[in-house]
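Below, each chain spelled out in residue letters.
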Amino acid sequence: MTTITTSRGNTEVVSARRTESHDASDIISLLSHFTEIVFGSIDVMYLLEKSSLALTLCNEKNEAIAHAVFLDYPNWSITDQSDWESFLHENYINNKCTPLNTLFMHLFVAKEEYAAGCCQEIVRRAFITVPELQFILLFLPADENLEPDMGNVFEKMMTAPGSVVDTNFTLLVCPRHRYHPQLYVRKARLEDYDDLMPIWTRLSETLKETYSECFLADLIACQDEENQAVVCEDGDTAVGFMSLCSQVNVSLFQECFDLRPFHGLCKPHPEDILKMPQKLGSQEDEDKSNETSQVTETVSSRNFEGVHDQDAAVQKDGVITISHAQLLLDDVGAKDFKASATLLLKTEEEDAFRPVYRGASNAFCIRLFCIDEKHETRYFHRVYRSTLQSRSFFPGDISGTAWIPRWDKDFCVILVPHHIPEFHLIRSFVRAVPFCTSKLGHELYVFHRAGLLKSFSVRRATTNDLLGVKMLIKTLSLNESILNDLKIFTQARRDPDGIPVQAFIAEVLDQIVGVSVIRDEMDIEYIRSHYNIEDFIHFNHHQQEEHGHLYHFVLNPIFHHYTKHFLKEILRLAHKSSLYYPIYPQYVEGKFQNPCAHSLTSALHYMVPVRPRRQIVYPLEELGINAPSEQVSKDQSSYSLNHINRKLVLESKASINTRIVVVGASDVGISFLETLVFCPHLKFNNLTLISIHGLPGKDLLGSRHRRFLINSHCFNDEDYAQMSLCSWVNVVVGKMTGINRAAKYVVVSKEKKVPYDYLVLCTGQKYQVLSPTGADISKLPTNREVTSKWPQRYTGKVPSNHFTLNDDQDCSKAMCWLKENIVSSEGNVIVYGNTIDIYTTVETLLSLGINGSRIHLVQPPLSSNVTCLNNDEIESAVQEALSKAGVSVYCDSILAQWDEGDDPDLITCAAFTTNTKPFKLQCSAFFSFAYRTVDYETFKAINDACLVFDGRLVIDAEFRTNDVSIRAAGPLTKYSRRYYVDEWTHSNFNSKEIGLELAASMLNLFDPTPQPSSKPPECTDRLIPMYKGCKIKGGVLPGGYNYLHISKPEIPIRLDLELALCDHGMEIITGEARHGNYFRMHINKYSMVDSITCFSKEPFPVSNYICLYGQHERLLNDLCYRWNEGQITDLYSYFREPWSMAIYHDRFIDLKKELRQILMSEQVPGSTPAAEPPPEDPEEQSPCPPPLREPVLRYLRRHRAHLPMYAPARTAGPPPTAGEAAAPVPPGSAPPLS
């Protein structure tokens, strides 16, 4: 907040924020004739799209009163945007402007009375927002003058002798020191204590957890050669404090963090062991492939020479080297210093190789840092240049640095608690990758003194750069690919397919420190149709050639804080506005999961992950020529898309270092992680997943073993590929066996400890090995005599031919075992249980070629009166298919015994009791689906941690357990009894929606962006949330029937009882189950689609049918009317008709919301009033009122690439009707949305 004075002498409190696209109308309203004189003709939306920085000032009423837009090239077309630096050097003297420290003002508008104060404030905010910014330039037509409100902000830059540019334009400059000067830094004195105490007091809640109240005074008083304290002054007042110490516990850091990029923070020593022993090499390569910086050699042996004036503070006899530091390039195959790729926890990790460093410590630390937030960015460069150097680096003292300690150190480190939000000081530091078992409750940030060099420049690559680039990347795993693409650029400027290629070099003092290769993005229509890229850009303002594809990006880690500038320069020099970077999935056998892309990029975390779009499954044959283009409908390998554009390049994500550990890769857990990962303004550095089999989705597409279990349709392989969670989440492979709430760590596989700040439990329920009752079948017992002993968990050694299938890995192992031991043999397979998974498993066994006579389906007594299919017609068809296949079915049977025979590791036969007499079956494989509950080891870990467990883990309506740091969700949980809803659990709801809501509830803890808060209504604290997403289950049942059931969240009730309810609604059924064309749709009393059941021999578009749930029947082309009139005989063909495609579109929900807002906000006329004669033209007799017609037409126009089957609206004559606009091209198709 800043107070400005208007031209009339009034004061106004203003605040600054980033300009959004919805501000365009406000900006246009402030444009004047003077604006056009100074800045030329302005297209506001285009300017905002291409801006590097756009700021808006608002008053206390949140009214916009001023706007400014800054770009990284001149505001008039004086020279090409890629050549302005040389242009300035040729035409102006005393010019220190570089692309790193300069922006150009392209627009400034303000309310007239606020203009003077707003111009000064907006310039000041620009310098605060961009710490590297030193100059703001403005080209002005030579015969024009700025108005006084702006003229006082800028000063004229002198032209060089002989320059003719002055005849056309005047160059004005606003230097940083006029509005945001750097602060004076000096050694701390005891008299500074009084100035610093108010700052200390404001931060006392955080600082007092570690330090006493007198600690600050002690640090100032007890300075010596190893401990120094400095302050920065604003005037004569100390506004910031920093305590420095030359002693660093490097060995502790080496145990907790991967410090290979920094040579272990030690000086080089001849006895250093940097390379792993040969015998461990292969395994270690895999183990570390998911950690940052795989390189083991120095960046370069060349020196930085020719230091500029601005870099004099870091030179040593005119030369500074970094080769002795053994700094490593980040082979960002993983995580670019963030550890976001998969980290594997192995029991043998203790014996894994780690480098051994014999040299002395090469780092000093910032022990304590505090500063008044108003001065934080002013402290930035001044303190860096003062604290990171020893006197030997200076040819002579410079003002304010005579106090500098004589420490011969290259690195400065700072430890930051996990819960502390990122502050300006550490944004130029590099975050060290913590080992996932690190017990140090802090983040380590590292800065190398060479990072202070400001001569970082970017240019196009030349043939002469090949050797330097080769030296730079020689230790990267994809160095040959980078070199090959670089050679393509230097030789032909195009790849073999004719696509333009561009390459760029990052230099510091003539040494190559980075390289990047981009191509033109030729698949932009596919990206636009398959990803939500329009969340970040407006396509209409970007030309085809302005989209680039980032192929390679390598940058020396000590200049990692220049990554965004490197990207900004690539966009400017290449004349691009957007860059895209895909990450393809890599299906790897075993435990290791790596992100695989063109080359691995340290720029990944400065880009935003782009959510994929739900795709329509088109009936291409029915659509014919009206089908969408191949660019939209084509199938290709799925990938995760990351994006950066000019608007985002100077917008920093908020780093969240809080350690969030998720236990269980269930649908809830994956949805939770997905929601956090796709927050565009947040970067979660410490997301960890503990899972028995790691991340799902690692297996090849279309694997037959997927058919063993019913599908929830929450996620599929394509979804996992488009998320690429392994790029953002650490994965610990193992099972949770303990929780230490006091020390806040999870015990994994009884050995390793994974620390957390917040623990999220979502393991779900799993099929357990069911213990036989032990009844002696020779005595002919019945179920009544053994029920008290059933069901119970089996505690002995599980026979090798006994299978409980809970995930893809279990199914895959079972599939392999069956192929090796059963398919070609004659033994029986017993499938035991009464869930729907028994039917999908039987069908999978039949599809493997196992004869039905060898399969025995044994069903225990039902625990309720609702069967798993809950549809008599479908059950009859399934039973008929089982009988036809020769599968034996036994009902109401309880497992009594299994006999291991001669081999104790195998079940050879199994005996069951029934309501009458027992029976016995020979057995070669036993599949158990009879007992699903919380896993015992999970229960024991929860119970031993004293978390309330009442059959399931007890939570409240906000997912909280009795420990504030532990959340839980999914079938693992139940609501506390105080809600009186024992029958409602998360099992009744959509797991994906549960995960999303869990993430939303926790984001409030981390998101620094102010969120509008609203008090919940009174008396709702005892109510549980009711989620609206549909429950889905689908699979292939015996007989080859494709089954799908979509229903609302509900407590299960028998279908015949539901049909008998007076307010049940309407049933629409076509086809018959035994014919394989059954389609049932339930329309509730509110005319909404309440449930859908499909049972078909032919495959059907599941994702399309999911979109039908919750729709009003009128939106489905007057479904009920057409059904009552006998016009619908087959719902499958009905929902393949062209009119329905709009409903399957992912933006259809936005159209519904817009239409609803219109209906709610104004009185919409319906039909023509009776007093007026109806229009003679039948085309004008539209059932759609005009206020609703335009949004529908706009929706169809905007998404014409996806919906070409709709006829475009007429451009001449009377306004088209909604039916006319929405009518599909094929004749005879009914118009939708009417």
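None of these values were measured; they are calculated from a predicted model.

Parts of the model with low pLDDT should not have their predicted coordinates read in detail. Averaged over every residue, the pLDDT of the protein is 83; residues scoring 70 or more account for 84%. Ignoring residues within four places in sequence, the model shows residues 388–403, a span with pLDDT below 50, making 50 contacts including any to other chains. The model gives residues 1211–1234 a pLDDT under 50, and that stretch makes 56 contacts with residues more than four places away or in other chains.

As for its position among the elements, D1063 is in the loop between α27 (1055–1059) and β51 (1066–1070). For D1063, a relative accessible area of 40% corresponds to the partly exposed category. Separated by 22 residues in the primary sequence, D1063 and K1085 place their C-alpha atoms 6.1 Å from one another.

Moving on: the state of the cysteines. Scanning the entire structure with this criterion turns up 0 disulfides. This cysteine, C909, is not joined by any disulfide, and C923 carries the nearest cysteine sulfur, 8.2 Å off. Accessibility expressed as a relative area gives 11% for C909, which makes it buried. The thiol of C1107 is not disulfide-bonded; the next cysteine sulfur, from C1030, is found 9.3 Å away. A residue is classified by how much of its surface remains accessible, and C1107, at 11% relative accessible area, is buried.

Two numbers describe a pair of aromatic rings. These are the distance of the centres and the angle of the planes. Taken as a whole and judged by the stated rule, the model has 45 aromatic pairs. On the basis of an interplanar angle of 85 degrees and a centroid distance of 4.9 Å, the ring pair of W84 and F104 is categorised as edge-to-face. Residue W84 is found in helix α4 (residues 84–91), and its partner F104 is found in strand β5 (residues 102–110); the two are separated by 20 residues along the sequence. Of the residues examined, F104 reaches a relative accessible area of 0% and is grouped as buried. Between Y1041 and F1095, the ring centres sit 4.3 Å apart and the planes meet at 20 degrees, which makes this aromatic pair stacked. Placement of the pair is Y1041 in strand β50 (residues 1041–1047) and F1095 in strand β53 (residues 1089–1096), with a sequence separation of 54 residues. Across the pair, exposure class does not vary: Y1041 and F1095 are buried alike. Directly above the aromatic system of Y936 lies the positively charged group of R793, at a separation of 3.8 Å from the ring centroid. Over the ring of Y1041 we find K1097, and its NZ or CZ is 4.5 Å from the ring centre.

On to the pattern of salt bridges. All chains considered together, the criterion is met by 49 salt bridges. Ionic pairing is found between E651 and R18, a salt bridge with its closest N-O pair at 3.6 Å. With a gap of 633 residues between them, E651 in the loop between β26 (640–645) and β27 (654–656) and R18 in strand β2 (residues 11–18) connect regions that are remote in the sequence. With a closest N to O distance of 2.5 Å, R1054 and D1056 form a salt bridge. Connected through shared salt-bridge partners, D950, K974, R977 and D982 make up one network.

Turning next to the side chain of D485. Position of D485 relative to the elements: it lies in helix α14 (residues 479–491). The exposure class assigned to D485 is buried, which follows from its relative accessible area of 10%. Here D485 is in contact with V501, V517, R519, Y551 and H552, once residues within four sequence places are set aside.

Here we take up the environment of P861. Relative to the helices and strands, P861 resides in the loop between β39 (855–858) and α24 (872–885). Overall, the relative accessible area of 25% leaves P861 in the partly exposed class. Ignoring anything within four residues of it in the chain, the contact list for P861 reads N783, W790, N834, D892, S893 and I894.

With that out of the way, let us pick up a nonpolar patch on the surface. A cluster of nonpolar residues, I1053, L1057 and L1061, forms a patch on the protein surface that exposes about 230 Å² of accessible area. Mapped onto the fold, L1057 is located in helix α27.

The subject of this paragraph is the packing of helix α13 (residues 466–473) against α14. When two helices pack together, their arrangement is given by the angle between the helix axes and by the axis-to-axis distance. Close contact between α13 and α14 brings their axes to 10 Å; oriented N to C, the two are set at 165 degrees. The orientation of α13 with respect to α14, classified from their angle, is roughly antiparallel. Of the two elements, α13 crosses α14, and the hand of that crossing is right-handed. On the side of α13, the interface is formed by L466, V469, K470 and I473, while α14 contributes N479, I482, L483, L486 and K487. The residue inventory of the contact of α13 with α14, partitioned by class, reads 6 nonpolar, 1 polar and 2 charged.

This part takes up the sheet that holds strand β32 (residues 736–740). In spatial order, the strands read β32-β33-β34; together these 3 strands make up an open sheet with antiparallel pairing. Since the sheet does not close on itself, it has two edges, and those belong to β32 and β34 (752–755), each with one partner. Neighbour-to-neighbour, the strand axes of the sheet open up by a mean angle of 25 degrees, direction not taken into account. As paired strands, β32 and strand β33 (residues 745–748) are joined by 4 bridges and run antiparallel to one another. By the bridge assignment for β33, I739 is matched with V746.

In this section: the sheet that holds β26. Here we have 7 strands laid out as an open sheet, ordered β20-β21-β22-β23-β24-β26-β25, and mixed in their pairing. In the strand order of this sheet, the two ends are held by β20 (456–460) and β25 (608–610), each with one partner. The average angle at which neighbouring strand axes cross in this sheet is 35 degrees, direction not considered. Two strands pair when backbone bridges link them, and strand β22 (residues 511–520) and strand β23 (residues 547–555) are joined in this way by 7 bridges, in the antiparallel orientation. Pairing of I518 across the sheet is with L550, part of β23.

This next bit is on the pairing of strand β19 (residues 442–448). A regular strand carries its side chains on alternate faces of the sheet. Taken across its 7 residues, β19 has 6 buried, putting it largely inside the fold. Note: strand β17 (residues 430–431) against β19, 2 bridges, orientation antiparallel. Following the sheet pairing, R431 is matched in β19 by Y445.

With that settled, the discussion passes to α13. Those residues of α13 that fall on the buried side of the exposure criterion are L466, G468, V469, L472 and I473. Projected down its long axis, α13 shows its buried positions confined to an angular sector of 160 degrees, all on one face. Those residues of α13 hidden inside the fold are in contact with α14, β21 (501–508), β22 and β23.

For the rest of this paragraph, the subject is the packing of helix α23 (residues 837–847) against α24. In contact at an axis separation of 12 Å, α23 and α24 are set at 30 degrees when each is read in the N-to-C sense. When the interaxial angle is binned, α23 and α24 end up roughly parallel. α23 and α24 meet at a crossing whose hand is left-handed. Within the contact between the two elements, α23 uses Y839, V842 and L846 and α24 uses V878, Q879, L882 and A885. Split by residue class, the contact of α23 with α24 holds 6 nonpolar, 1 polar and no charged.

By the element assignment, D757 lies in the loop between β34 and β35 (758–761). Among the residues examined, D757 registers a relative accessible area of 16% and is labelled buried. Within the structure, the side chain of D757 is placed 2.8 Å from the backbone nitrogen of R659, a separation counted as a polar contact.

Rules of the game
Residues numbered from 1 in each chain as written. Predicted model: local features only at pLDDT ≥ 70, side-chain atom pairs only at ≥ 80, totals over all residues. Heavy atoms only, no water. pLDDT = per-residue confidence, 0-100. Contact = heavy atoms within 4.5 Å. Helix = DSSP H or I, 4+ residues; strand = E, 2+ residues; numbered from the N terminus. Buried < 20%, exposed > 50% of the residue type's maximum accessible area, 1.4 Å probe, protein only. Disulfide = S-S within 2.5 Å. Phe/Tyr/Trp six-rings, centres within 6.5 Å; stacked < 30°, edge-to-face > 60°. Lys NZ or Arg CZ within 6 Å of the ring centre and 35° of its normal. Salt bridge = Lys/Arg side-chain N within 4 Å of Asp/Glu carboxyl O. Patch = residues over 30% accessible without salt bridge, like charges linked within 9 Å, V, L, I, M, F, W, Y side chains within 5 Å. Areas by Shrake-Rupley, 256 points an atom, 1.4 Å probe, with all protein chains shown as cover. Axes fitted to C-alpha atoms, helices over the stretch in contact; angles between N-to-C directions. Parallel < 35°, antiparallel > 145°, perpendicular 65-115°, else oblique. Left-handed = near helix turned anticlockwise from the far one by under 90°. Nonpolar A, V, L, I, M, F, W, Y, C, P; charged D, E, K, R; others polar. Pairing = 2+ DSSP bridges. Arc of directions from axis to C-beta. Polar contact = N/O pair within 3.5 Å; in protein donor to acceptor, adjacent residues only side chain to side chain.

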